[in-house]
Amino acid sequence: MTEFWNRFSCNRQAVLGLIILGCVIFLASIANLIYPNDPFLYSRFPLSGPGENGFLLGSDSIGRDVAAGIAHGAKTSLLIGLIATIAAVFIGVIFGALAGYYGGLVDDILMRVTEVFQTIPSFIFAILLVAIMKPSIESVVIAITVVSWPAVARLVRGEFLALKNREFVQACHTLGMGDLRIMLAEILPNCLSPIIVIGSLMVATAILVESGLAFLGLGDPNVMSWGFIISDGRSMLRVAWWICTFPGIAILITVLAINLVGEGLNDALNPRLRERN
Amino acid sequence: MTDKLLKISDLDISLPEGSERNLAVENLTVDLSPGETLCIVGESGSGKSLTARALMGLLPAPHVRISKGKIEFCGEDLTKASDPRMRQIRGSEISMIFQEPMTALNPVMTIGVQIDEIFRFHVKMSQRERRLRAIELLEDVKLPDPEQIVAAYPHELSGGQRQRAMIAMALALEPKILIADEPTTALDVTTQAKILKLISDMQAIHKSGVLFITHDFGVVADIADRVAVMQYGRIVETGSVDKVLNKPEHRYTRALIASVPSLVPRAPRTRSDKIVLSTESIQKRFGGGKSFFGMGKPNRFVHAVKDVTLDLRSGETLGVVGESGSGKSTLARCIIRLMDSDSGKIMLDGVNICNLNRADMRPWRAKIQMVFQDPFASLNPRVKVGEIISQGPMIQGADRQTAQTRARELLEIVGLDVRAFNRYPHEFSGGQRQRIGIARALALDPEILMADEPVSALDVSIQAQILKLLDEIRERMNLSMVFITHDLRVAAQVCDRLAVMRYGEIVETGATREVFDAPQHSYTRELLAAVPGQKWDRQLAN
């Protein structure tokens, strides 16, 4: 573990990403403390600029505090990103592991199913899914999960295909070990690194998709999110630039930070790099 | 001879900080005359390949670099040569043959184009001339049908043909020095013999100096004029081939030579007539490419195992020998039920285990265990050694306590420290890992051990230790063993009986001594004749 941390901290960008991500998480966790009021609460001062009337980052067309929106939106974005990714990784690992391990007909069927999902452009598919269900946090999470698991399935299948013929797996067969145990205890731990890396990058994508959906008005109307603020402010971009700009920057920084961390994890976990040491 | 082609003096090659040692090559001094073959012999990690790379200016800079010394090529110091000058020298004056011809050739270019490149870069010739010259070269290295091979891609050729094409490329511009880095290690023994002959023929014609890097003393005995033995980056002994092989002075050289298995078969042991395992006409075919959506006939079949009937007596070691692709590994995997054979019977204790399903097979697993070839691939890198060894008994129903106690005992039996129990496999060397693999197989108290090339990935000195260990435990636990190998030297030292396989069929079986002394089948004779270093063996015997 310390060895892993040493390699990770060699990459300065990754450490920077981790620090930024830590700040965003901190912001999300104290949102209720610094802005105890409902972020949807409007005030008497619409379209105040940053710093005016006690609004740190200004207010929107009906006087809602942009800063409060960003703080509460951080919670939404991170939560949706995380839950959707965990769900997608879970489904993807099951599909990929079964397909890669058993091969043949099982593989054919599972991979054809996966391909059906992959052929539909993911964002349009997500819009379609949310539109069919009612826009709510759950439907957004489901939509993001549905469009992002195939990538994990493909990756895990590839890893399982490569590992199942390795001699250590065959040795387990000669000991009489069962399939489930071979898959879970022998093969899966060996493909954890790429799964962690793809998972971390998927969180960033999920945040983007969620913002996009909210921007199009397909987010949960009762939950504050970054995309929602941008969507709300876009018609006033010329009179009140701050409404769109700050949540936009929040999205940019968060996604960038997660990508940097993902890259750093990739470098630190990359087995080829490790062999060189 | 004063006009040395190559003079390396006091060469140091430094490794990046934090490596196992500071210098990959230390104080290396060696020279090469025209028409001479110098063999650099050493085990893995001795720095012999890096020496070759340094000559070509192909060290993985900036981490690995020459820190001291001179490489004089016809009076010119190559360590100070500019990049353009090095490019000029490479290929035209010094050229190299690599170990693995498949990766050394570009898979998306035809052989013709790759030979053509050399001419384009180094000499002025018309396209027609270049093509004719390429065909001529391929003829020189005795490739059949050069006109066709010029247009072929590397994957369309066999391993031996690819290596011939590589040699043709290396010799295209009549280089003064040819560096051969383990050029026959990836090849079968019969192909190896032909390639070695080709290299020495070519050398006789072109009068080039050959720097031949190898770990195989048999090859050294056959091809070298002079030998340099390397250990930990240093040359420990140099001299004429006769002197180094027959009157070695350095301790290390002596140890290395002593661990080369002799071709004279060991004395046969008394054996029982009880048959513990027998196979009856096992068949295994692999289908060729699957057709689209299962429609139409599947094309091409490979008949990997054809009608194999064998029996293994209690306490004996049966060797299955053959070249790559002969089906010996497939046969082992069929017998141990890692693969299902198409038809035939596998009788173990009077029961046909060929058609048992997984659950019914489980109790039989304990009776027959396997030792794998690659010590780096056969242990799960994420599981601790103790766990790896005790897993088997626990699956078979032993409780954790007993299994772990047994695992500790086994570690001692295979010659490892008990502290290995809580470590991960990557902390061990190849030979130690193979010991762990053996302990895992022994944990179930098997009656039969299936060893699939258990020593072919190991250095010769480690190989000798593992063979000794296998011998000890065979006696101690009264094991019967099926030993699969391509190396007839190893087979001679380990096996009581031999079965020679070719194209999935067993062409000859018999007691090891009889097979070696009076081979019946023409293929067996061919195999035996191709083993390198036979002359040397006879010298040693006298």
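Since the model is a prediction, treat every value here as computed from it, not as a measurement. (Residues numbered from 1 in each chain as written. Chains lettered and ligands numbered in written order. Predicted model: local features only at pLDDT ≥ 70, side-chain atom pairs only at ≥ 80, totals over all residues. Heavy atoms only, no water.)

A. Molecular detail of the overall build of chain B. Per the secondary structure count, chain B includes 21 helices and 20 strands. Taken against the 2.2 N^0.38 rule, which gives 24 Å for 542 residues, the C-alpha radius of gyration of chain B at 26 Å falls within 12% of a compact globule. Taking the principal axes of the C-alpha coordinates as reference, chain B spans close to 70 × 60 × 50 Å. Looking at the 542 residues of chain B, the share that counts as buried comes to 52%. Carbon and sulfur atoms form 49% of the exposed surface of chain B, whose accessible area is close to 24600 Å². Seen as two clouds, the 70 positive and the 68 negative side-chain charges of chain B have centres 2 Å apart. (Helix = DSSP H or I, 4+ residues; strand = E, 2+ residues; numbered from the N terminus. Rg over C-alpha atoms; globule rule 2.2 N^0.38 Å. Buried < 20%, exposed > 50% of the residue type's maximum accessible area, 1.4 Å probe, protein only. Areas by Shrake-Rupley, 256 points an atom, 1.4 Å probe, with all protein chains shown as cover. Lys, Arg positive; Asp, Glu negative; His and termini not counted. Charge placed at Lys NZ, Arg CZ, Asp CG, Glu CD.)

B. Representation of the sheet that holds strand β3 (residues 37–42) of chain B within the structure. Residues and elements named next belong to chain B. Taken together, 6 strands build an open sheet; the order of strands is β6-β7-β8-β3-β9-β10 and the sheet is mixed. Strands with a single pairing partner mark the edges of an open sheet, and in this sheet they are β6 (94–97) and β10 (234–240). Strand-to-strand twist of the sheet, defined as the mean angle between neighbouring strand axes without regard to direction, takes the value 15 degrees. Sheet topology note: the strand β7 (residues 177–181)/strand β8 (residues 209–214) ladder contains 5 bridges and is parallel. Bridged to Leu-178 within β8 is Val-210. Here helix α11 (residues 251–259) sits on the sheet and contacts β9 (226–231) and β10; the angle it forms with β9, its principal contact strand, is near 100 degrees. (Pairing = 2+ DSSP bridges. Axes fitted to C-alpha atoms, helices over the stretch in contact; angles between N-to-C directions. Contact = heavy atoms within 4.5 Å.)

C. How the structure looks around the pattern of salt bridges. All names here are of chain B. Throughout the structure, instances matching the rule amount to 40 salt bridges over all chains. For Glu-182, the salt bridge is made with Lys-48, and the minimal N-O distance between the two is 3.6 Å. One end of the pair, Glu-182, is in the loop between β7 and α8 (189–206); the other, Lys-48, is in helix α1 (residues 48–56), with 134 residues separating them in the sequence. Since its relative accessible area comes to 9%, Glu-182 is described here as buried. Owing to a relative accessible area of 7%, Lys-48 belongs among the buried residues under this scheme. (Salt bridge = Lys/Arg side-chain N within 4 Å of Asp/Glu carboxyl O.)

D. Spotlight on the packing of helix α2 (residues 12–34) of chain A against helix α3 (residues 66–102) of chain A. All names here are of chain A. Contact geometry of α2 with α3 gives a least axis separation of 8 Å together with a crossing angle of 115 degrees. Regarding α2 and α3, the two cross each other, and that crossing is left-handed. Here Val-24, Ile-25, Leu-27, Ala-28, Ala-31 and Asn-32 of α2 come into contact with α3, specifically with Ile-70, Ala-71, His-72, Ala-74, Lys-75 and Leu-78. The residue inventory of the contact of α2 with α3, partitioned by class, reads 9 nonpolar, 2 polar and 1 charged. (Left-handed = near helix turned anticlockwise from the far one by under 90°. Nonpolar A, V, L, I, M, F, W, Y, C, P; charged D, E, K, R; others polar.)

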